[in-house]
Amino acid sequence: MTTVTVIRDYIQQHGLKQRHIAARAGIAEKTLSLILCGKRQLRADEFIGLCRALNLDLVDFIDQQAS
């Protein structure tokens, strides 16, 4: 599972709005949309912001991706 797939699935499974997550992560909603549909690469700073917005510790995220 890719990083973006894990993030996209987490957002969908928890019924979260992309607008809300993008605002909490400090990125534009359009940017998040492009990342989630695979049209743009996810930068490290955006990844960290998304983990914070989703209340995921980076270690927890790695554990989710591995399973």
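Each remark here, short or long, concerns the structure printed above.
Let me sum up the structure you'll find in this document. (Residues numbered from 1 in each chain as written. Predicted model: local features only at pLDDT ≥ 70, side-chain atom pairs only at ≥ 80, totals over all residues. Heavy atoms only, no water.)

**What to know about helix α2 (residues 18-25)**
Phase 1: Turning to α2, its buried residues number three or more, namely Ile21, Ala22 and Ala25. One face of α2 carries all of its buried residues, which in axial projection span an arc of 100°. In α2, the exposed positions that point more than 90 degrees away from the buried face belong to Arg19 and Ala23.
Phase 2: The inward-facing, buried residues of α2 contact α1 (3-13), α3 (29-36) and α4 (44-53). (Buried < 20%, exposed > 50% of the residue type's maximum accessible area, 1.4 Å probe, protein only. Helix = DSSP H or I, 4+ residues; strand = E, 2+ residues; numbered from the N terminus. Arc of directions from axis to C-beta. Contact = heavy atoms within 4.5 Å.)

**Considerations on the side chain of glutamate 46**
Phase 1: Along the chain, glutamate 46 falls in helix α4.
Phase 2: Overall, the relative accessible area of 3% leaves glutamate 46 in the buried class.
Phase 3: Reaching out from glutamate 46, the side chain makes a polar contact with the side chain of arginine 40 at a distance of 2.9 Å.
Phase 4: Residues in contact with glutamate 46, not counting those within four places in the same chain, are Ile27, Thr31, Ile35, Arg40 and Gln41. (Polar contact = N/O pair within 3.5 Å; in protein donor to acceptor, adjacent residues only side chain to side chain.)

**Points about the packing of α2 against α4**
Phase 1: As a packed pair, α2 and α4 sit with axes 8 Å apart at the nearest point and diverge in direction by 115°. Once α2 is placed against α4, the crossing between them reads as right-handed. Each of Ile21, Arg24 and Ala25 in α2 lies in contact with α4, whose residues at this interface are Gly49, Leu50, Arg52 and Ala53.
Phase 2: The class makeup of the residues in the contact of α2 with α4 is 4 nonpolar, 1 polar and 2 charged. (Axes fitted to C-alpha atoms, helices over the stretch in contact; angles between N-to-C directions. Left-handed = near helix turned anticlockwise from the far one by under 90°. Nonpolar A, V, L, I, M, F, W, Y, C, P; charged D, E, K, R; others polar.)

Nothing here speaks to function; it is all geometry.
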